[in-house]
Amino acid sequence: MNSNNNAEDILGLLNRLPALLRWAGMKNFGSNLHFTYVAPSAQYVHYIDTQIFGERSLQKPTKSTAANNTLPPLPPELATEAAIVLWKKAQAAGYVNANYQPLISRTQAALLADTMAERLGIKEKWKVFEELWNRKNMYNDYYKALEQQQSLAFQDTLKRVIC
């Protein structure tokens, strides 16, 4: 396995961690978890993301969910046939992993959420994607993205990929 694939595997695992914590009964309150990954023998440090989690829920996972070791299902708005087509395109482009968690920056993820919500006609887009990705204030990420030149270029690419 080359180091690039290894880095992608690590990023994928780290992106799955918040969803696994939610599956284990964690609520969206509490501390921040910051990930930083440095590739072996590399000088470049890549900031990955901040995920918010904490305080254990009183609700425990069911036996069937725990036995299957699966993540909670997608929200209904994001589990339609049209949505699955968009998810597959986003996965093929490397924007999300197999568990629908973003592999891109917060600002780019907000642009992805906006584009998908627009295509799928989702009115409460931030609520739906914030719950799925365990993030808060995605609308702030979106407006920050609109101020960044590289995000605008990504938005153009995104519209071609998710069309």
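As a reminder, the structure under discussion sits directly above these lines.
Residues numbered from 1 in each chain as written. Predicted model: local features only at pLDDT ≥ 70, side-chain atom pairs only at ≥ 80, totals over all residues. Heavy atoms only, no water.

Chemist: Can you help me understand the side chain of S151 in this one?
Modeler: Assignment of secondary structure puts S151 in helix α7 (residues 149-161). In this structure S151 comes out as buried when scored by relative accessible area, which is 1%. Apart from the residues lying within four places of it in its own chain, the contact partners of S151 are T107, L111 and A145. (Helix = DSSP H or I, 4+ residues; strand = E, 2+ residues; numbered from the N terminus. Buried < 20%, exposed > 50% of the residue type's maximum accessible area, 1.4 Å probe, protein only. Contact = heavy atoms within 4.5 Å.)

Chemist: Help me understand the packing of aromatic side chains, please; the structure alone is not making it clear to me.
Modeler: When we look at a pair of aromatic rings, we describe it by the centre distance and by the angle of the planes. As enumerated under the stated definition, the model contains six aromatic pairs in all. Centroid distance W126 to Y142: 5.6 Å. Interplanar angle 45 degrees. Geometry classified as tilted. Note that W126 is positioned in helix α5 (residues 125-133) and Y142 in helix α6 (residues 138-146), a separation of 16 residues in sequence. Judged by relative accessible area, which is 13%, Y142 ranks as buried. Put simply, the rings of W87, Y100, F129 and W133 touch in pairs and so form one group of aromatic residues. Here the guanidinium or amino end of K125 rests over the ring plane of Y142, the centre of that ring lying 5.8 Å away. (Phe/Tyr/Trp six-rings, centres within 6.5 Å; stacked < 30°, edge-to-face > 60°. Lys NZ or Arg CZ within 6 Å of the ring centre and 35° of its normal.)

Chemist: Got a minute to help me understand α6 in this structure?
Modeler: Counting along an α-helix, one turn takes 3.6 residues, and residues three or four places apart therefore face a common direction. Of the positions making up α6, those classed as buried are M138, D141, Y142 and A145. Each buried residue of α6 lies within a common arc of 100 degrees when the element is viewed along its axis, so the set occupies one face. On its buried face, α6 is in contact with α4 (106-120), α5 and α7. (Arc of directions from axis to C-beta.)

Chemist: Help me understand the packing of α4 against α7 in this model?
Modeler: Packed helices, taken two at a time, are described by the angle between their axes plus the distance between the axes. Look at α4 against α7: their axes get within 10 Å of each other, and the N-to-C directions meet at 35 degrees. You can see that α4 and α7 cross each other, and the crossing is right-handed. Across the interface between the two elements, T107, Q108, L111, L112 and T115 from α4 touch S151, F154, Q155 and L158 from α7. Considered class by class, the residues forming the contact of α4 with α7 number four nonpolar, five polar and no charged. (Axes fitted to C-alpha atoms, helices over the stretch in contact; angles between N-to-C directions. Left-handed = near helix turned anticlockwise from the far one by under 90°. Nonpolar A, V, L, I, M, F, W, Y, C, P; charged D, E, K, R; others polar.)

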